[in-house]
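Given next are the chains, with one letter for each unit.
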Amino acid sequence: MKERQTYGFIESDFAFYAEPANGINTAKEFSMELFHWADREKKNLVILEESMEPIVTVDDVRYLCKLGDVGAASFNNPVAKALHLRGSNRVVGPYLGYKWIYFYKQ
């Protein structure tokens, strides 16, 4: 079994991430940002469970979505993993309350 690396509450094995257009503070805002993202990216999105960690399908593949620091996107980069680099926005992101959406394959 593959051991998951975690950085705070974000696990490094996410499939992909999305940058929301607005901040997300409620389950309804999370859903709206997911729909806006899917529309922009021309993806087929279905929300199976609306929450602050929604379960969705994107193009018929099931994912769990989590909010995380902007800089966490670099955790899934093979070079950054090898060099133990962290994202440059980690200091600013938490103070502004701005998070990206990370998709974990289920």
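For the structure given in this document, a descriptive report is provided here. If you're wondering where the values come from, they're calculated on a predicted model, not measured in any experiment.

Quick word on the pattern of salt bridges
Scanning the entire structure with this criterion turns up 2 salt bridges. For the salt bridge of K28 with E50, the shortest nitrogen-to-oxygen distance reads 3.8 Å. Within this pair, whereas K28 is found in helix 1 (residues 27–41), its partner E50 is found in the loop between strand 4 (45–49) and strand 5 (55–58), the two being separated by 22 residues in sequence. With a relative accessible area of 52%, K28 lands in the exposed category. Residue E50 is classed as partly exposed on the basis of its relative accessible area of 42%. Among the salt bridges present, the one from D59 reaches K43, with a minimum N-O distance of 3.8 Å. Of this pair, D59 sits in the loop between strand 5 and strand 6 (61–68) while K43 sits in the loop between helix 1 and strand 4; the two residues are 16 residues apart in sequence, bridging distant segments of the chain. According to the relative accessible area criterion, D59 is partly exposed, its value standing at 38%. Overall, the relative accessible area of 36% leaves K43 in the partly exposed class.

Side note on the pairing of strand 6
With 4 bridges connecting them, strand 5 and strand 6 associate as antiparallel partners. Bridging across to strand 6, I55 finds its partner in L64. Linking strand 5 back to strand 6 in an antiparallel pair, the connection comprises 2 residues, with D59 at a positive phi of about 50°. Across 6 bridges, the pairing between strand 6 and strand 7 (residues 100–105) is antiparallel. Bridge pairing links G68 to W100 in strand 7.

Observations regarding the nonpolar core
The tendency in soluble globular proteins is for nonpolar side chains to be buried side by side. In terms of nonpolar packing, the biggest core is built from 13 residues, with L34, V56, V58, C65, I101 and F103 touching the most fellow members. For this core, the leading source of residues is helix 1, giving 4 residues. Ignoring any residue separated from it by four or fewer positions in sequence, one finds L34 in contact with L45, I47, P54, V56, C65, I101 and F103.

Points about the sheet that holds strand 4
Strand-to-strand pairing in sheets goes through backbone hydrogen bonds, with the strands running parallel or antiparallel. Taking strand neighbours across the sheet as the criterion, the 5 strands line up as 3-7-6-5-4 in an open arrangement whose pairing is antiparallel. The sheet terminates laterally at strand 3 (16–18) and strand 4, the two strands that pair on one side only. Strand after strand, the sheet turns through a mean of 35° between neighbouring axes, direction not considered. Sitting on the sheet, helix 1 touches strand 3, strand 4, strand 5, strand 6 and strand 7, and the angle it makes with strand 4 is about 160°.

Scoring rules and cut-offs
Residues numbered from 1 in each chain as written. Predicted model: local features only at pLDDT ≥ 70, side-chain atom pairs only at ≥ 80, totals over all residues. Heavy atoms only, no water. Salt bridge = Lys/Arg side-chain N within 4 Å of Asp/Glu carboxyl O. Helix = DSSP H or I, 4+ residues; strand = E, 2+ residues; numbered from the N terminus. Buried < 20%, exposed > 50% of the residue type's maximum accessible area, 1.4 Å probe, protein only. Pairing = 2+ DSSP bridges. Core = buried A, V, L, I, M, F, W, Y, C linked by side-chain atoms within 4.5 Å. Contact = heavy atoms within 4.5 Å. Axes fitted to C-alpha atoms, helices over the stretch in contact; angles between N-to-C directions.

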